[in-house]
2 protein chains.
Amino acid sequence: MSDQHSTLRAQRRAETQRVIQAHAVRLFTERGYDATTVTDVAEAAGVSPMTVYRHFPTKEDLVLVDQHGRLVAERIVASSAAQPLVRRIGGALVDSAATLTRGARGDDVEAGERFLLARLRLMISTPALRARHLDNHYALQRAIVDALGNDATDPEAAFHAQVAASACLAAMHTALVRWAEDDGRTELPDVIAKALAAAFGDDIVEPTGGVGTSESAGRAERR
Amino acid sequence: MSDQHSTLRAQRRAETQRVIQAHAVRLFTERGYDATTVTDVAEAAGVSPMTVYRHFPTKEDLVLVDQHGRLVAERIVASSAAQPLVRRIGGALVDSAATLTRGARGDDVEAGERFLLARLRLMISTPALRARHLDNHYALQRAIVDALGNDATDPEAAFHAQVAASACLAAMHTALVRWAEDDGRTELPDVIAKALAAAFGDDIVEPTGGVGTSESAGRAERR
DNA sequence: ACCAATCTGGTAGTCACTACCAGTCCGGTA
DNA sequence: TACCGGACTGGTAGTGACTACCAGATTGGT
């Protein structure tokens, strides 16, 4: 069956992607993003420049690959529609961050978080990466609005959802920057929750609300 | 005096910039951003490609030039520090938008608004422009935080200011998109105010700021 | 008339990125 | 086992944004 077939292929493909990306982030961190050419990355990874472009459509994608969006959207649709918008979105962002900082990269949590931090630092300090990263947030905003599932007939409600989503994402981004500045010593979900509270008021962030994600049970005994 | 000297030079310089930018936005709108080369813009403006690069460091800057930041910062420092953060920032954004939609481009208000709309549409629909525009917001965020003038010793207060600024800017951006979708038929400051109210609650936007831009004041007709 | 600063233009080069084409590997089939 | 179709990979030759480096032209002030 092409099923098994494709999973085998997909594994190899994912592995080469991982190797290329690892070398890319390392080189970018060592020499700087602009000072490193795609050819440099290809040589370090032992492939041709063509292969790099096959796996990553642009140089920026070597740092920016992100499955964050899917995670957030899933948690949004799972959230109770009775809650206020900001709480639904904020809860999904906090939970997704908890998942990301944990199982980011295979088994080794430590290495996964270091890798995430390295990518984040690049995204923050390199203008081109920062710009594309913020644009990804823009796409994520649309995904969130879709996941909220409000009827699209009411333009006022749609506008409200757009505003809530963009403001929440902006707060999260600020939290990410703060987290990176702290070298990841603090707990990312907590920082995000604090940012949301700072923006929308302390009452908007509820630790164990109607969001039935089991991950949230394991973390953050504070509050 | 080098004063008069420089102002004369600056006038010529500003004029050529204006011409180049006008042709650029026109061509980008007609043929699309990616399908238009810098050489095309240069030919249309009657200058060499080199001259274009002298005035606009990147192709994106042909659309993105923005003095918006300075306006907002000025209004922030002029605002009362007693008000809550979000109100100070939001008020500055609304007022700046009112200034921009009015005196954007010389004498002709109509043309100025059309030009602003054309640029905005490009910024929203073209990925590269959208990304850089959002990154400009990131720089504007820092400017706002600086203008707020909170003491930098307290990291908590600084974080709070960062979050408030980024969330306000995100709400404003959503309002800009909405305004562009409406082809500028609505009043931009009102849309921004509505977005801020949607994000932070109706009570946060107060028309009592003294500046005459508010949805309650019935300035339905321009002029 | 002369000087100095600025504006403008040309040439050559780097680099990201894109077709277009060819070789290679690999799982399943006659 | 020999073969075939679909992938992954690689090379070549471009385009286009952008950047030195250099040379002529214009302009404002002495």
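Below you will find a few notes about this structure. (Residues numbered from 1 in each chain as written. Chains lettered and ligands numbered in written order. Predicted model: local features only at pLDDT ≥ 70, side-chain atom pairs only at ≥ 80, totals over all residues. Heavy atoms only, no water.)

**A look at the protein's contact with DNA strand C**
Okay, so step 1: Around DNA strand C there are 19 residues in total, and Y53(A), K59(A), T51(B), R54(B) and H55(B) lie nearest to it.
Okay, so step 2: When the atoms of DNA strand C within 4 Å of the protein are sorted by group, sugar and phosphate make up 62%.
Okay, so step 3: At a separation of 3.5 Å, a phosphate oxygen of DNA strand C approaches a polar backbone atom of V38(A).
Okay, so step 4: Counting only elements with at least two residues in the surface near DNA strand C, the list comes to α1 (2-31) and α3 (49-55) of chain A together with α1 (2-31) and α3 (49-55) of chain B.
Okay, so step 5: Here the surface near DNA strand C takes 4 residues from α3(B), the largest share from any one element.
Okay, so step 6: For the surface near DNA strand C, the class distribution of residues is 7 nonpolar, 7 polar and 5 charged. (Near = heavy atom within 4 Å. Polar contact = N/O pair within 3.5 Å; in protein donor to acceptor, adjacent residues only side chain to side chain. Helix = DSSP H or I, 4+ residues; strand = E, 2+ residues; numbered from the N terminus. Nonpolar A, V, L, I, M, F, W, Y, C, P; charged D, E, K, R; others polar.)

**Quick notes on the protein's contact with DNA strand D**
Okay, so step 1: Lining the immediate environment of DNA strand D, one finds 19 residues, of which T51(A), R54(A), H55(A), Y53(B) and K59(B) sit closest.
Okay, so step 2: The sugar-phosphate backbone supplies 71% of the atoms of DNA strand D found within 4 Å of the protein.
Okay, so step 3: At 2.7 Å from a phosphate oxygen of DNA strand D is found a main-chain nitrogen or oxygen belonging to K59(B).
Okay, so step 4: Of all elements in the fold, only α1 and α3 of chain A together with α1 and α3 of chain B reach the threshold of two or more residues within the surface near DNA strand D.
Okay, so step 5: Considering each element in turn, the surface near DNA strand D owes the most residues, 4 residues, to α3(A).
Okay, so step 6: For the surface near DNA strand D, a count of residues per class yields 7 nonpolar, 7 polar and 5 charged.

**Looking at the relation of the copies chain A and chain B**
Okay, so step 1: Each copy of the sequence occupies a distinct position, and chain A is placed on chain B by a rotation of 180° and an axial shift of 0.0 Å, giving an RMSD of 0.1 Å. Both copies of the chain, as the preceding transformation shows, are related through a two-fold rotation axis.
Okay, so step 2: The fraction of interface residues of chain A whose copies in chain B are also interface residues reaches 100%, indicating that both copies meet through the same surface. (Least-squares fit on C-alpha atoms with pLDDT ≥ 70 in both. Contact = heavy atoms within 4.5 Å.)

**Quick look at the interface of chain A and chain B**
Okay, so step 1: Taken together, the 30 residues of chain A in the interface contact 30 residues of chain B.
Okay, so step 2: Remark: the boundary between chain A and chain B carries 4 salt bridges.
Okay, so step 3: When the shortest N-O distance is used, the salt bridge between E156(B) and R178(A) registers 3.6 Å.
Okay, so step 4: Counting the contacts that link chain A with chain B gives 8 residue pairs in polar contact (both at pLDDT 80 or more).
Okay, so step 5: At the level of secondary structure, the elements contributing two or more residues to the side of chain A that touches chain B comprise α8 (127-148), α9 (155-181) and α10 (188-200) of chain A.
Okay, so step 6: For the side of chain A that touches chain B, the element with the highest residue contribution is α9(A), accounting for 15 residues.
Okay, so step 7: The class makeup of the residues in the side of chain A that touches chain B is 18 nonpolar, 6 polar and 6 charged. (Salt bridge = Lys/Arg side-chain N within 4 Å of Asp/Glu carboxyl O.)

**As for the pattern of salt bridges**
Okay, so step 1: Counting across every chain of the model gives 21 salt bridges over all chains.
Okay, so step 2: Between R18(A) and E15(A) there is a salt bridge, and its shortest N-O distance comes to 3.4 Å. In this pair, R18(A) and E15(A) both sit in helix α1, 3 residues apart, roughly one turn of the helix.
Okay, so step 3: Look at R18(A) and you get partly exposed, because its relative accessible area is 37%.
Okay, so step 4: Relative accessible area serves as the criterion here: at 37%, E15(A) is assigned to the partly exposed category.
Okay, so step 5: The salt bridge involving R121(B) is made with D183(B); its shortest N-O contact spans 2.6 Å. Here D183(B) lies in the loop between α9 (155-181) and α10 (188-200) and R121(B) lies in helix α7 (residues 109-125), a separation of 62 residues in the sequence.
Okay, so step 6: Exposure remark for R121(B): the relative accessible area of 39% places this residue in the partly exposed category.
Okay, so step 7: When its relative accessible area of 38% is taken as the criterion, D183(B) is described as partly exposed. (Buried < 20%, exposed > 50% of the residue type's maximum accessible area, 1.4 Å probe, protein only.)

**So, α8(A)**
Okay, so step 1: For α8(A), spanning 22 residues, the distance from its first C-alpha to its last is 31 Å, which sits close to the expected 32 Å at 1.5 Å a residue.
Okay, so step 2: Phi for G149(A), located one or two positions after α8(A), is positive at around 70°. (Expected span 1.5 Å × (residues − 1).)

**Topic: empty space enclosed by the protein**
Okay, so step 1: Following the criterion strictly, the structure yields 1 cavity of 30 Å³ or more and no others.
Okay, so step 2: For the largest cavity, the calculated volume is near 300 Å³.
Okay, so step 3: Forming the boundary of the largest cavity are 17 residues, of which L134(A), A170(A), L134(B), S166(B) and A170(B) lie nearest the centre.
Okay, so step 4: Taken together, the elements giving at least two residues each to the lining of the largest cavity come down to α8 and α9 of chain A together with α8 (127-148) and α9 of chain B.
Okay, so step 5: In terms of residues, the lining of the largest cavity owes the most to one element, α9(A), which gives 5 residues.
Okay, so step 6: A per-class count over the lining of the largest cavity returns 8 nonpolar, 9 polar and no charged. (1 Å grid on protein atoms, 1.4 Å probe; cavity = no way out; pocket = protein on both sides within 12 Å on 5 of 7 lines; lining within 4 Å. Points joined across faces, edges and corners; volume = space filled by probe spheres on them.)

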